[in-house]
Amino acid sequence: MNPLKRLGRRRASVLSLLAVAALVTPGAATAAPDAVRASTLGAQAAQSGRYFGTAVAAGRLGDGTYTGILDREFNSVTPENEMKWDTIERSRGSFNFGPGDQIANRAASHGQRLRGHTLVWHSQLPSWVSSIRDANTLRSVMNNHITQVMNHYKGKVYAWDVVNEAFADGGSGQMRSSVFRDVLGTGFIEQAFRTARSADPAAKLCYNDYNIENWSDAKTQGVYRMVRDFKARGVPIDCVGLQSHFGAGGPPSSFQTTLSNFAALGVDVQITELDIAQASTAAYANTVRACLNVARCTGITVWGIRDSDSWRSGENPLLFDRSGNKKPAYQSTLTALGGSAAAQRTGAPSPRSATALPSSFRWSSSGPLVAPKPDATHRIAGIKDPSVVYYNGKYHVFASTASPSGYNLVYLSFSDWSQAGSATHHYLDRTAIGAGYRAAPQVFYNTQQRLWYLVYQTGNASYSTNPDISNPNGWSAPRNFYSSMPDIIRQNIGNGYWVDMWVICDSANCYLFSSDDNGHLYRSQTTVGQFPNGFTNTVIAAQDSKYALFEASNVYKVQGSNQYLLLVEAIGSDGRRYFRSWTSSSLAGSWSPLAASESNPFAKSSNVTFPAGTWTRDISHGEMIRAGYDQTLTIPACKLQYLYQGKDPNAGGDYDNLPWRLGLLTQTNSTC
Ligand code: 9MR
């Protein structure tokens, strides 16, 4: 095949809607193993290593209903007012730790963690502090307060809200006016964190604020810039607290994006003061899910136990009613945490899920994370077809570079997605992989051979190997999997192209899947021992009309189940790219539809939200973020993430000159 044959092709046309049908014959659904389910919020949160806490008022600790719920449900507490400046140091140098100690000691004796709230805040601040006008005086007063309070609670407080609510509401994105900012300047926050670190190096140091949950808000962006700057300059900060005092609608749709974007800066995130007007079940569940979907979201605190305990009690925003009964939002919160109140109450066995993956999907997309970095010898229009593994603390991404003058490969690595855009691009045409048509890479580690494999298309299905994925110069020259195009492909390819080779192995065999841009998915087979040689027995693994089963197929093993997942890229009736999905109980088996239609797609612009702006209407060629990196291509069953190519919806013209960029989808309807 002429390598350049792939170039200058593919004009998406308007197509008819696709039928939802099994590609071959339906396979048996596979039951997932039971999850362990707990019956209280704290115990269930603990199963994913998180805490579930509440604000506690010292004045209510004599109320048996209150403490009964507190000790049954919560494994973290935050003093609601007792560690604030106006309680602890009402007059200069005179410290009153009584109410704070009452809560701290009780928490310790009940095995609950303690969040310290709060050291530096413009509110609940005694007037002797807010009236200071001399910077040196205020600095020493602030540092002394931080040091004395942290020393007193050393070893008892897990995380401190070092500075609370320092940013202004509205559109400025700047710090609010306060005695601290006005007298010490904006550097007071840095000063407070540095003092806090030296006072108690073991405590986590958090910045805490409200109205920073919606990603695009100026206030969120202001706090984000500060945290990014702190991390860049080594100012000590460990966590960001998002208070999450929500209206009846619950969290903004970008909430998870906000959590993950902060987390990507290298800090933990915590939901620190959750309450939601009218406490709808969905609003609570959405909040919990957002946290669970972000690995560094380490815990959730609700701001009070019963509605009658709340600072906004008129809005009934909490999980327990005035009598201490569980409200519907309690159940939805527990369920979202993965627990099952019903099963525990009735003593019935936990329900088994019929399949490890849901049958429909919802996603939130990042903005474009990776764009081409042309240099003097690489004039590149698009970066495409990413393959990604997380290995040794880094994401390793391989992708096609596209331009009207040809396709080749590029490699980049970075430790978190916030750095993807600034990573160095290593052009692999400068390595033994060489120049000429190379595209659509797939990377994995072969555990038997202790070698990384990069599979790609050259007209044939080709591969290179490398003992060290992080060394772009370590790749071997291309070798082909086949001596020539298998007959069955030659007979069915029509006017299509042989593209998008994909290798996956089970414990006995390796399979090589490929597409023909003509409605066929092919599968060849060899043994694990013979790999990479011996691919034969090529068959049609799935077929449909040309645009319904176009290209870019991925096949994965779903972790913790006997299920395999097939994704194939289709072209929709709107001419836009999207993914369909099927499952099978074996790699050589038949594929049953999962989310396989244009109206229930695996991933299409219609089931993806774009909190940072709709930058693409194509969800095109990409790869799942895997649970591992070996030849089994195992993905998690929960909280899927998919790295894909998208482009400006208004871009047109030559296919090979389109401005493809890489973006990341994060599943928002994961049920586990
Ligand atoms: O819940 C607290 C309430 O009892 C106090 O009267 C109030 C005083 O400002 O503070 C409440 O807690 C606040 C928290 O400390 C910081 N974020 C906002 C909370 C609700 O106002």
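Scroll up to find the structure this text is about.
Residues numbered from 1 in each chain as written. Predicted model: local features only at pLDDT ≥ 70, side-chain atom pairs only at ≥ 80, totals over all residues. Heavy atoms only, no water.

A.B. asks: I'm lost on the overall build of the protein chain in this one. Help?
C.D. replies: Per the secondary structure count, the protein chain includes 14 helices and 31 strands. Over its C-alpha atoms the protein chain spans a radius of gyration of 28 Å, differing by no more than 12% from the 26 Å that the globule rule assigns to 672 residues. Taking the principal axes of the C-alpha coordinates as reference, the protein chain spans close to 85 × 65 × 45 Å. Per-residue burial for the protein chain yields a buried fraction of 59% across its 672 residues. Contacts spanning at least 24 positions in sequence make up 65% of the contacts within the protein chain whose residues lie at least 6 apart. Between the mean site of the 60 positive side-chain charges and the mean site of the 49 negative ones, the protein chain shows a separation of 3 Å. (Helix = DSSP H or I, 4+ residues; strand = E, 2+ residues; numbered from the N terminus. Rg over C-alpha atoms; globule rule 2.2 N^0.38 Å. Buried < 20%, exposed > 50% of the residue type's maximum accessible area, 1.4 Å probe, protein only. Contact = heavy atoms within 4.5 Å. Lys, Arg positive; Asp, Glu negative; His and termini not counted. Charge placed at Lys NZ, Arg CZ, Asp CG, Glu CD.)

A.B. asks: What exactly am I supposed to notice about the sheet that holds strand E10 (residues 363-365) here?
C.D. replies: Strand pairing within a sheet occurs via backbone hydrogen bonds; the two strands may be parallel or antiparallel. Pairing is mixed across the open sheet formed by 5 strands, whose spatial order is E27-E10-E31-E30-E28. This sheet does not close on itself; its edge strands, each paired only once, are strand E27 (608-609) and strand E28 (620-624). The pairing of strand E30 (residues 641-646) with strand E31 (residues 661-667) spans 6 bridges and is classified as antiparallel. Residue pairing across strands places Leu-643 opposite Leu-664, the latter belonging to E31. (Pairing = 2+ DSSP bridges.)

A.B. asks: Help me understand the packing of aromatic side chains, please; the structure alone is not making it clear to me.
C.D. replies: Given two aromatic rings, their pairing is described by the distance between the two centres and the angle made by the two planes. The final tally for this structure, using the stated rule, is 44 aromatic pairs. Ring pairing ties together the aromatic residues Phe-444, Tyr-453, Tyr-463, Phe-481, Phe-531 and Phe-535, which thus form one cluster. If you follow Arg-113 out to its NZ or CZ, it ends over the ring of Tyr-158, 4.3 Å from the centre. For the cation-ring pair, Lys-604 lies above Tyr-578, with the distance from its terminal atom to the ring centre recorded as 5.3 Å. (Phe/Tyr/Trp six-rings, centres within 6.5 Å; stacked < 30°, edge-to-face > 60°. Lys NZ or Arg CZ within 6 Å of the ring centre and 35° of its normal.)

A.B. asks: Even after reading the chapter, I still don't get the site of the ligand, so can you show me in this structure?
C.D. replies: Looking at the ligand, there are 13 residues lining it, with Glu-80, Lys-84, His-117, Glu-165 and Glu-273 nearest. One nitrogen or oxygen atom from the side chain of Gln-124 is found 3.2 Å from an oxygen atom belonging to the ligand. Within the side chain of Glu-165, a nitrogen or oxygen atom sits 2.7 Å from a nitrogen atom of the ligand. Calculation on the ligand without its partners gives an accessible area of 450 Å², and the protein chains cover 76% of this total. When the residues that make up the shell around the ligand are grouped by side-chain class, the tally is 3 nonpolar, 6 polar and 4 charged. (Near = heavy atom within 4 Å. Polar contact = N/O pair within 3.5 Å; in protein donor to acceptor, adjacent residues only side chain to side chain. Areas by Shrake-Rupley, 256 points an atom, 1.4 Å probe, with all protein chains shown as cover. Nonpolar A, V, L, I, M, F, W, Y, C, P; charged D, E, K, R; others polar.)

A.B. asks: Even after reading the chapter, I still don't get the state of the cysteines, so can you show me in this structure?
C.D. replies: Here is the idea: a disulfide is a covalent bond, and it sits between the sulfur atoms of two cysteines. For the coordinates displayed, the defined rule picks out 3 disulfides. Two residues, Cys-291 and Cys-297, share a disulfide whose sulfurs are 2.1 Å apart. Negative torsions about the S-S bond denote left-handed disulfides, and the value of about -100° found for Cys-291 with Cys-297 makes this one left-handed. On the basis of relative accessible area, Cys-297 is assigned to the buried category, the value being 0%. (Disulfide = S-S within 2.5 Å.)

A.B. asks: What am I meant to see in the environment of Asn-105 here?
C.D. replies: Of note, Asn-105 is situated in helix H4 (residues 98-109). Counting along the chain gives 76 residues from Asn-105 to Arg-181, while the straight-line C-alpha distance between them is 34 Å.

A.B. asks: Just checking my understanding: could you explain unusual backbone geometry for this structure?
C.D. replies: Negative phi characterises most residues that are not glycine, and trans characterises most peptide bonds. Between His-117 and Thr-118 the backbone carries a cis peptide bond, its omega angle lying at 0°. By the secondary structure assignment, Thr-118 is in strand E3 (residues 113-121). With an omega of 10°, the peptide bond between Phe-531 and Pro-532 qualifies as cis. Inspection of the secondary structure puts Pro-532 in the loop between strand E21 (520-527) and strand E22 (536-543). Even without glycine at this site, Gln-278 takes up a positive phi of about 70°. Relative to the helices and strands, Gln-278 is located in the loop between strand E8 (268-276) and helix H11 (281-292).

A.B. asks: What should I look at first to understand the pairing of strand E12 (residues 394-403) in this one?
C.D. replies: Remember that side chains alternate between the two faces of the sheet whenever the strand is regular. In terms of burial, E12 is largely enclosed, as 9 of its 10 residues are buried. When strand E11 (residues 382-391) meets E12, the two strands line up antiparallel, connected through 8 bridges. Note on E12: the bridge partner recorded for Tyr-390 is Tyr-395. Of the pairings in the sheet, the one linking E12 to strand E13 (residues 406-414) comprises 9 bridges and is antiparallel in character. When the bridges of E13 are listed, Tyr-395 appears paired with Phe-414. Count of turn residues in the E12/E13 antiparallel hairpin: 2 residues.

A.B. asks: Can you walk me through the nonpolar core in this structure?
C.D. replies: Within soluble globular proteins, side chains that are nonpolar generally end up buried alongside one another. Residues Trp-160, Val-163, Phe-180, Phe-188, Ile-189 and Phe-193 are the most contacted members of the largest nonpolar core, which totals 96 residues. By residue number, the principal contributor to this core is H11, which donates 7 residues. Counting 61 residues, the second largest nonpolar core, distinct from the first, contains Trp-502, Val-558, Trp-582 and Phe-610. (Core = buried A, V, L, I, M, F, W, Y, C linked by side-chain atoms within 4.5 Å.)

A.B. asks: Looking at this structure, how should I read the sheet that holds strand E17 (residues 461-466)?
C.D. replies: Reading across from one edge, E15-E16-E17-E18 is the order of the 4 strands in this open sheet, with antiparallel pairing throughout. This sheet does not close on itself; its edge strands, each paired only once, are strand E15 (439-446) and strand E18 (479-480). When E15 meets strand E16 (residues 451-457), the two strands line up antiparallel, connected through 6 bridges. What sits directly across from Gln-442, in E16, is Val-455.

A.B. asks: Help me understand helix H2 (residues 64-73), please; the structure alone is not making it clear to me.
C.D. replies: Three or four residues apart is the spacing at which side chains of an α-helix point the same way, because the helix has 3.6 residues per turn. Taken together, the buried positions of H2 are Tyr-66, Thr-67, Ile-69, Leu-70 and Glu-73. The arc enclosing the buried residues of H2, seen along the axis, measures out at 160°, which places them on a common side. Buried residues along H2 sit in contact with helix H1 (41-46), strand E1 (51-56), strand E2 (76-79), H4 and helix H12 (328-337). Its side-chain oxygen at 2.9 Å from the backbone nitrogen of Thr-65, Asp-63 defines the N-terminal cap of H2. (Arc of directions from axis to C-beta.)

A.B. asks: Would you mind going over the layout of surface pockets with me for this structure?
C.D. replies: Where empty space is left in the structure can be found by rolling a water-sized probe over the atoms. In this model, the second largest pocket occupies a volume close to 320 Å³. Along its surface, the second largest pocket is lined by 17 residues, and Pro-252, Ser-253, Asn-286, Arg-362 and Thr-668 are the ones closest to its centre. Going through the elements one at a time, helix H10 (255-263), H11 and E10 are the ones with two or more residues in the lining of the second largest pocket. In terms of residue class, the lining of the second largest pocket is built from 5 nonpolar, 10 polar and 2 charged. (1 Å grid on protein atoms, 1.4 Å probe; cavity = no way out; pocket = protein on both sides within 12 Å on 5 of 7 lines; lining within 4 Å. Points joined across faces, edges and corners; volume = space filled by probe spheres on them.)

A.B. asks: Would you mind showing me how to read the pattern of salt bridges here?
C.D. replies: A side chain with one charge may pair with a side chain of the opposite charge, provided their charged atoms come close. What the rule picks out here adds up to 27 salt bridges. Among the ionic pairs, Glu-190 bridges to Arg-194, the shortest N-O distance being 3.0 Å. Here Arg-194 and Glu-190 lie together in helix H8 (residues 188-199), a separation of 4 residues that amounts to about one turn. A salt bridge links Asp-209 to Lys-219, with the shortest nitrogen-to-oxygen separation between them at 3.4 Å. (Salt bridge = Lys/Arg side-chain N within 4 Å of Asp/Glu carboxyl O.)

Read these as layout, nothing more, since geometry by itself doesn't imply function.
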